[in-house]
Amino acid sequence: MSGTARALAAVTRRAASGALLLVGASVLLFALVDLAPGDPVLARFGFQAAGLSDEDLTRLRHEYGLDRSLPQRYVDFVRDLSAGDLGTSARSGQPIGDLVAQAFPVTASLTLVAAAVTAVLALGLGITAALYRGRWPDRLITAASAVGLAAPVFWVGLLAIDTFAIDLRWLPAGGYQPVSAGLWPWLSTLLLPAVTLALGVAGILVRVVRASVADQLDQDYVRTALGAGLSRTRVLWRNLLPNALVTPLTVFGLYVGYLLAGAVLVEVVYALPGMGQLLVNAAIDGDFAVTRIVALVTIAVFLAVNLCTDVVAMLIDPRTRT
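In this report, we go over the structure that sits alongside the text.

Calculation criteria
Residues numbered from 1 in each chain as written. Predicted model: local features only at pLDDT ≥ 70, side-chain atom pairs only at ≥ 80, totals over all residues. Heavy atoms only, no water. Helix = DSSP H or I, 4+ residues; strand = E, 2+ residues; numbered from the N terminus. Buried < 20%, exposed > 50% of the residue type's maximum accessible area, 1.4 Å probe, protein only. Contact = heavy atoms within 4.5 Å. Polar contact = N/O pair within 3.5 Å; in protein donor to acceptor, adjacent residues only side chain to side chain. Axes fitted to C-alpha atoms, helices over the stretch in contact; angles between N-to-C directions. Left-handed = near helix turned anticlockwise from the far one by under 90°. Expected span 1.5 Å × (residues − 1). Bend = angle between axes of the 7 residues up to and from the residue. Phe/Tyr/Trp six-rings, centres within 6.5 Å; stacked < 30°, edge-to-face > 60°.

Check the secondary structure of the protein and you find 13 helices and zero strands. Mapped from its N terminus to its C terminus, the protein presents α and β elements in the order α-α-α-α-α-α-α-α-α-α-α-α-α. Looking at the protein as a whole, 37% of its 322 residues are labelled buried. Long-range pairs, those at least 24 residues apart, make up 74% of the contacts in the protein between residues at least 6 apart in sequence.

Below, the discussion takes up the side chain of Ser-26. Its place among the elements puts Ser-26 in helix α1 (residues 3-35). Overall, the relative accessible area of 9% leaves Ser-26 in the buried class. A distance of 2.6 Å separates the side chain of Ser-26 from the backbone oxygen of Val-23, its partner in a polar contact.

So, about the packing of helix α7 (residues 153-167) against helix α8 (residues 183-217). For the pair α7 and α8, the least separation of the axes is 9 Å and the interaxial angle reads 145°. Two packed elements cross with a definite hand, and for α7 against α8 that hand is right-handed. Taking contact as the criterion, the partners of Val-153, Val-156, Gly-157, Ala-160, Phe-164 and Ala-165 in α7 are, on α8, Leu-192, Thr-196 and Leu-199.

To continue, consider helix α10 (residues 232-244). Residues lying three or four places apart along an α-helix face the same way, a consequence of the helix completing one turn every 3.6 residues. Relative to the 18 Å expected for 13 residues at 1.5 Å per residue, α10 spans just 15 Å between its end C-alpha atoms, considerably shorter than the ideal helical length. The principal kink in α10, of about 30°, is found at Arg-238, preceding the proline Pro-242 by one to four residues. Burial in α10 covers these residues: Val-235, Leu-236, Leu-240, Leu-241 and Ala-244. Elements in contact with the buried residues of α10: α5 (96-131), α8, α9 (220-227) and α11 (246-269).

The full count for this structure, using the stated rule, is four aromatic pairs. Ring geometry for Phe-30 and Phe-77: centres 5.3 Å apart, planes at 45°, overall tilted. Separated by 47 residues along the polypeptide, Phe-30 in helix α1 and Phe-77 in helix α4 (residues 70-82) bring together distant segments of the chain. Judged on exposure class, the residue Phe-30 and its partner Phe-77 are both buried. Judged by centre distance (6.4 Å) and plane angle (40°), the ring pair of Tyr-74 and Phe-77 falls under tilted.

Attention now moves to unusual backbone geometry. Its identity is not glycine, yet Arg-169 carries a phi of approximately 60°, on the positive side. Considering the arrangement of structural elements, one finds Arg-169 in the loop between α7 and α8. Arg-169 gets classed as exposed once you look at its relative accessible area, which sits at 69%. Phi at Ala-271 is positive, roughly 55°, even though this residue is not glycine. Along the chain, Ala-271 falls in the loop between α11 and α12 (275-285).

Below, the structure written as structure tokens:
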């Protein structure tokens, strides 16, 4: 079997595994959200629900299909999803697809900027620590990565707002500007949240990059290349890094899920109208339909990113195709 065929087979297996995981997650998610306390009917009518009689509540639950069994409602849920119908918010009465379409670009922008910050910090600091193993730059970077990993996201966010938004007034304290408003207005509203979100993952990846680069530095081919007169910079960028970055890239793909999950807290701290804010509001309001869809979209994006990470890893290192 050729290398291309092996790569296609590997991607197909991973895609099929991801699809099965998504189905299993949807079943578990549907059941867990259904067991949560709250009533979508009461969430829909809010304070007006106090004036509804028991007959009205029974009729409304029948209209919403809440009097049907859990398996029947799950089948209806899957049927509607396959038809492109994400449902309607019990709280606002808006189509959930519209709510997700408004919130997802915010979370996607935050995650992409945070991923870029993470990559820059992890590569720069991890390679530097590996090149200066055992010396003060290595010890300083290792200590800083431990602090970044241990610091709570909400505490870092509040500290960043107090320092860079209130005291120095360099960046806005919260809110969101779309890309259509201009590149800098968009980026300025995402820099603090992205750095806040990236510190924890960067703290892990710095150590992964350091260990991987340090391991490659001890390999015979590196010593042979340096002994042949090739410059250290050329060996690092053309020979060492393509081999050393396969493991960090895979780990980075796994931790994109952390970035998506951490966006919930970060969006609340910085008042960003993204998926995390939408999920929190839906959970507080007892809006089960929105909670299910937002969580399921997040899981689907996480699986898709992992699949893309596997493909990129196979392109960098053909050995991973087997």
